[in-house]
Amino acid sequence: MAIPVDVAAAALREAMRETVKRYSLWYLIQGVLLVVAGVLAIISPVIASVAVVFLLGWILIISGVLQGIGLIGASNVPHFWLQLISAVLAILIGVLLLRAPDSSVLIMTMLLIVYFMVEGIAKVIFALTIRPFPNWGWVLASGLVGIILSCVLWANMPLTADWVLGLMLGLLLITEGVALTYLAWNVHKAPAVSGA
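Residues numbered from 1 in each chain as written. Predicted model: local features only at pLDDT ≥ 70, side-chain atom pairs only at ≥ 80, totals over all residues. Heavy atoms only, no water.

The subject of this paragraph is the overall build of the protein. Scanning the protein for helices and strands turns up seven helices and zero strands. Counting from the amino terminus, helix and strand elements in the protein follow one another as α-α-α-α-α-α-α. The C-alpha radius of gyration of the protein comes to 23 Å, more than 25% above the 16 Å expected for a compact globule of 196 residues. Along the first, second and third principal axes, the C-alpha set of the protein runs to 55 × 50 × 40 Å. Looking at the protein as a whole, 28% of its 196 residues qualify as buried. The long-range fraction of contacts in the protein, counting pairs at least 24 apart against all pairs at least 6 apart in sequence, stands at 79%. With an accessible surface of roughly 13200 Å², the protein has 78% of that area assigned to carbon and sulfur atoms. With 8 positive and 7 negative side-chain charges, the protein shows a spacing of 6 Å between the two charge centroids. (Helix = DSSP H or I, 4+ residues; strand = E, 2+ residues; numbered from the N terminus. Rg over C-alpha atoms; globule rule 2.2 N^0.38 Å. Buried < 20%, exposed > 50% of the residue type's maximum accessible area, 1.4 Å probe, protein only. Contact = heavy atoms within 4.5 Å. Areas by Shrake-Rupley, 256 points an atom, 1.4 Å probe, with all protein chains shown as cover. Lys, Arg positive; Asp, Glu negative; His and termini not counted. Charge placed at Lys NZ, Arg CZ, Asp CG, Glu CD.)

Structural data, given as structure tokens:
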């Protein structure tokens, strides 16, 4: 017997809500820690930028090693050599990131600037195509902010490379922490909702 989609969706929402409520204290603690980490990253953006590079370097090295271990004894699988090259490249790029964190921060900042520009242009084009819809201006404004931000960062490039990654990481951690804390606090205080 099939159940209607809206009933299944309501049951799934209630199950998720109860899970969040059951672990709300842990979500609250995690949210507060994310906010604290974000504030520390904003206070010391240069240190946070270098930490991002080191973290990415180690993640690449570990994933490359694990991928290489997974390929042991699997030389007959399709595209073995491509997977092996991928594992070696991950390890090599990870080592390069760890050996030259200053240039790695510069490269990652340049990639972030390119991302902001491409994302901004895409949002402007999208906003202009949905123009009759209400609130299309918000999408346009978001795209313009991305383009302006990328231009400002590019114009101040040698100086921005040191702190922009740390600042972005700090803002991301704070927004995620606030959202998680707010969710956990409100779910913890809310009464249980009876199912339909």
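Structure shown, so let's carry the discussion forward.
A cluster of nonpolar side chains, contributed by Phe 54, Trp 58, Ile 62, Val 65, Leu 66, Ile 69 and Ile 72, occupies part of the molecular surface with about 710 Å² of accessible area. With respect to the helices and strands, the residue Ile 62 is situated in helix α3 (residues 45–71). You can call Ile 62 partly exposed: its relative accessible area is 46%. (Patch = residues over 30% accessible without salt bridge, like charges linked within 9 Å, V, L, I, M, F, W, Y side chains within 5 Å. Salt bridge = Lys/Arg side-chain N within 4 Å of Asp/Glu carboxyl O.)

Attention now moves to the environment of Leu 149. Within the secondary structure, Leu 149 sits in helix α6 (residues 136–155). Separated by 11 residues in sequence, Leu 149 and Thr 160 place their C-alpha atoms 11 Å apart.

Turning our eyes to something else, we now look at the pattern of salt bridges. Applying the stated criterion across every chain, the model contains one salt bridge. Where Lys 123 meets Glu 119, a salt bridge forms, and the shortest distance between an N and an O atom there is 3.9 Å. Highlighted residues: Lys 123 and Glu 119, both in helix α5 (residues 101–129), separated by four residues, approximately one helical turn. Classification of Lys 123 as partly exposed rests on a relative accessible area of 29%. Overall, Glu 119 belongs to the partly exposed group, its relative accessible area being 30%.

We now examine the nonpolar core. Within the largest apolar cluster, 11 residues are counted, these being Val 53, Leu 97, Val 105, Met 108, Leu 112, Ile 113, Phe 116, Leu 153, Met 157, Val 164 and Leu 165. Those elements that provide at least two residues to this core are α5 and α7 (157–189). With five residues, the top contributor of residues to this core is α5. Ignoring sequence-local partners within four residues, the contact set of Leu 112 consists of Leu 165 and Met 168. (Core = buried A, V, L, I, M, F, W, Y, C linked by side-chain atoms within 4.5 Å.)

This part covers the environment of Leu 140. Relative to the helices and strands, Leu 140 is located in helix α6. Of the residues examined, Leu 140 reaches a relative accessible area of 19% and is grouped as buried. Discounting chain neighbours no more than four positions away, the residues touching Leu 140 are Val 124, Ala 127 and Leu 128.

Any link to function would need more than the numbers given here.
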